[in-house]
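Next come the chains, spelled out residue by residue.
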Amino acid sequence: MKTRNNSLLKPLLLAVAMSAAVSFMTPAFAEQTQDCGGVMLSACPVPFDKTLPDAKDMLNWDQAARVIGFRNDYRNYAGDVFRHGKATPFVQADKQLQNPTYSVNGKTFTLKDYLKRENVTGMLVLKNGKIAYKYLGEGNTDHTLWTSRSVGKSVVSTLVGIAVKEGKIGSMDDLITDYEPDLKGTAWEGVTLRQLIQHTSGVAWNEDYANPGSDFAHLTQCEANPGAYDCVRKIITGLKRAHPAGETWSYSSGGAWLMGDVLEKATGMPLAKYLEKTLWQPYGMAQDGVWHSYQQGKHDVGAHGFNATLEDWGRFGEFVMSGGQLPDGKKILPENWLTQASDWNKAKNSVSAAHPDGMYGYQWWNNAVPVNAKNVTPAPSESLKGSMWALGIYGQVIMVNRAENLVIVQWSTWPQAEPDFSAQPLEASLMYSAIAQQLR
């Protein structure tokens, strides 16, 4: 009798499964997405700029082109979509941000001044998970997808933590060549994942954004032309060793690209799909995002290229704030991951008079007010401590401070990719400290 029931059930279950598969692919499902300039999304970003700046000139765009380029990165390059989940809308905090001020060399600046001085195009302040302040400029809206630049490195770092928790990555002390055996015999042999993610691999890389002959400039040219993955991989595999692994910190988008590539090989899926599966849908992000892809459906960019809305950038910050907890209470990051990620490495060049504790962790920055800063308020002794900063060129930021239960997101188009620390980066640390003080 049991055997006969099973024989009857099998065709029925197969029919149900096939029906479900067919219904998933029906036009009714297809209607849930829209063609947004060749990218299929649940809702098209707004504004939709008709004319886009040339991607190959990204490092030389003027301010107007930078605004348009950064909010259209999702269609200026090939990309992989990561689908949203079921979101809970943010609510307004009871205590709204008023007009925090900071001062540099005897001059005091207001929040309005700050927005102008930093070329801010979007800003979100979340206190205890609620909106204490939100600003959108240059025509940006709640439906704008803004590109992360190197903020994407911190997203990748977080995905690496998830992969460790899932057992897809055995240990941060594993060798790169455990996952990429074809790199044996290159400068990457003998480098651990911890050294790779801390940018202490010792492999030479020129990140100079103003030098058209730098490794980073060559990478951007690969991105602007067909065959991007093979082009970038050729650059990466041809790099030479500059220092013994683990001894010297040197910021490297090439190394970050390789970290993303290792993650893809460990998980068996591109970054966008792994983000969607583990975090974007389960956490309940509100809108689809797009990840810059070198080979669609196969390889996304580990160094940058994450595109999402202002509030979803904020939700990602809240996820990090929680220590990696989903709304259902499930923890998807290792217990001490954030402590490790913000344990600033003490390698040469990471430690300085301004930041004696070190500047860099697992692709997160220490951007605290320098301890040797003079003639500034808030003073270093009164400034925001213990923050993790995801930073991207031209002023992209996600700042997470667990002690204050504070997340700050910033979109900007600084005139320079990487200005001197005494300019925009210092003023950001001062303003964020002033914001924290006012919202306590």
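What you see is a predicted model, and the numbers here were worked out from it, not measured in a lab. (Residues numbered from 1 in each chain as written. Predicted model: local features only at pLDDT ≥ 70, side-chain atom pairs only at ≥ 80, totals over all residues. Heavy atoms only, no water.)

### Some words on the state of the cysteines
- Per the counting criterion, the structure on display carries two disulfides.
- Bridging Cys36 to Cys44, the disulfide has an S-S length of 2.1 Å. Given an S-S torsion of about -90 degrees, the disulfide between Cys36 and Cys44 has left-handed geometry. (Disulfide = S-S within 2.5 Å.)

### What about the pattern of salt bridges?
- Considering all chains together, one arrives at 19 salt bridges under this definition.
- Of the charged contacts, one joins Asp173 and Arg194 as a salt bridge, the two residues approaching to 3.1 Å between their closest N and O atoms. With a gap of 21 residues between them, Asp173 in the loop between helix 6 (151-166) and helix 7 (176-179) and Arg194 in helix 8 (residues 193-197) connect regions that are remote in the sequence.
- The class for Asp173 is partly exposed, based on a relative accessible area of 49%.
- A salt bridge links Lys265 to Asp261; its shortest N-O distance comes to 2.8 Å. Of this pair, Lys265 and Asp261 both sit in helix 11 (residues 253-267), separated by four residues, roughly a single helical turn.
- Classification of Lys265 as partly exposed rests on a relative accessible area of 37%.
- Each of the salt bridges in this network shares a partner with another, and the network as a whole consists of Lys134, Asp142, Glu311, Asp312 and Arg315. (Salt bridge = Lys/Arg side-chain N within 4 Å of Asp/Glu carboxyl O. Helix = DSSP H or I, 4+ residues; strand = E, 2+ residues; numbered from the N terminus. Buried < 20%, exposed > 50% of the residue type's maximum accessible area, 1.4 Å probe, protein only.)

### A word on the packing of aromatic side chains
- Scanning the model with the defined rule gives 23 aromatic pairs in all.
- Here Trp146 and Trp411 contribute two aromatic rings whose centre-to-centre distance is 5.2 Å and whose plane-to-plane angle is 10 degrees, an arrangement assigned as stacked. Pair noted here: Trp146 is in strand 8 (residues 146-147) and Trp411 is in strand 15 (residues 406-412), with a separation of 265 residues, a long-range link.
- With a centroid separation of 5.7 Å and an interplanar angle of 85 degrees, the aromatic rings of Trp249 and Trp365 are classed as edge-to-face. Residue Trp249 is found in the loop between helix 10 (228-237) and helix 11, and its partner Trp365 is found in the loop between helix 14 (337-341) and strand 12 (376-377); the two are separated by 116 residues along the sequence. (Phe/Tyr/Trp six-rings, centres within 6.5 Å; stacked < 30°, edge-to-face > 60°.)

### What about the sheet that holds strand 4 (residues 102-104)?
- With antiparallel pairing, three strands are arranged side by side in an open sheet as 5-4-12. The open sheet has two edge strands with one neighbour each: strand 5 (107-109) and strand 12.
- Pairing between strand 4 and strand 5: three bridges, direction antiparallel. Bridge pairing links Ser103 to Thr108 in strand 5.
- Along the sheet face, helix 15 (residues 424-439) touches strand 4 and strand 12 and points at about 150 degrees away from the line of strand 4. (Pairing = 2+ DSSP bridges. Contact = heavy atoms within 4.5 Å. Axes fitted to C-alpha atoms, helices over the stretch in contact; angles between N-to-C directions.)

### So, the packing of helix 6 against helix 11
- Across the interface, helix 6 lies against helix 11 with an axial gap of 10 Å and an inter-helix angle of 35 degrees. Crossing angle aside, the handedness with which helix 6 passes helix 11 is left-handed. Here Lys153, Val156, Leu159, Val160 and Ala163 of helix 6 lie close against helix 11, whose contacting residues are Ser253, Ala256, Met259, Gly260, Leu263 and Thr267.
- Looking at the contact of helix 6 with helix 11, its residues break down into seven nonpolar, three polar and one charged. (Left-handed = near helix turned anticlockwise from the far one by under 90°. Nonpolar A, V, L, I, M, F, W, Y, C, P; charged D, E, K, R; others polar.)

### A word on the side chain of Arg149
- With respect to the element layout, Arg149 can be found in the loop between strand 8 and helix 6.
- Buried and without a salt bridge, Arg149 has Asp73 as its closest oppositely charged side chain, separated by 4.4 Å. (Lys, Arg positive; Asp, Glu negative; His and termini not counted.)

### Digging into the sheet that holds strand 14 (residues 396-401)
- Taken together, the five strands give an open sheet; going across it, the order is 7-6-15-14-13, and neighbouring strands pair in antiparallel fashion. Looking at which strands have only one partner, the edges of the open sheet turn out to be strand 7 (130-136) and strand 13 (388-392). When the angles between neighbouring strand axes are averaged without regard to direction, this sheet yields 5 degrees.
- Pairing of strand 6 (residues 120-127) with strand 15 involves seven bridges; the strand directions are antiparallel.

### Describing a positive patch on the surface
- Among the surface-exposed residues, Lys165, Lys168, Lys277 and Lys330 lie close enough to one another that they form a single positively charged patch.
- Among the secondary structure elements, Lys168 is positioned in the loop between helix 6 and helix 7.
- The exposure class assigned to Lys168 is partly exposed, which follows from its relative accessible area of 32%. (Patch = residues over 30% accessible without salt bridge, like charges linked within 9 Å, V, L, I, M, F, W, Y side chains within 5 Å. Areas by Shrake-Rupley, 256 points an atom, 1.4 Å probe, with all protein chains shown as cover. Charge placed at Lys NZ, Arg CZ, Asp CG, Glu CD.)

Any functional reading would require information beyond the geometric quantities listed.
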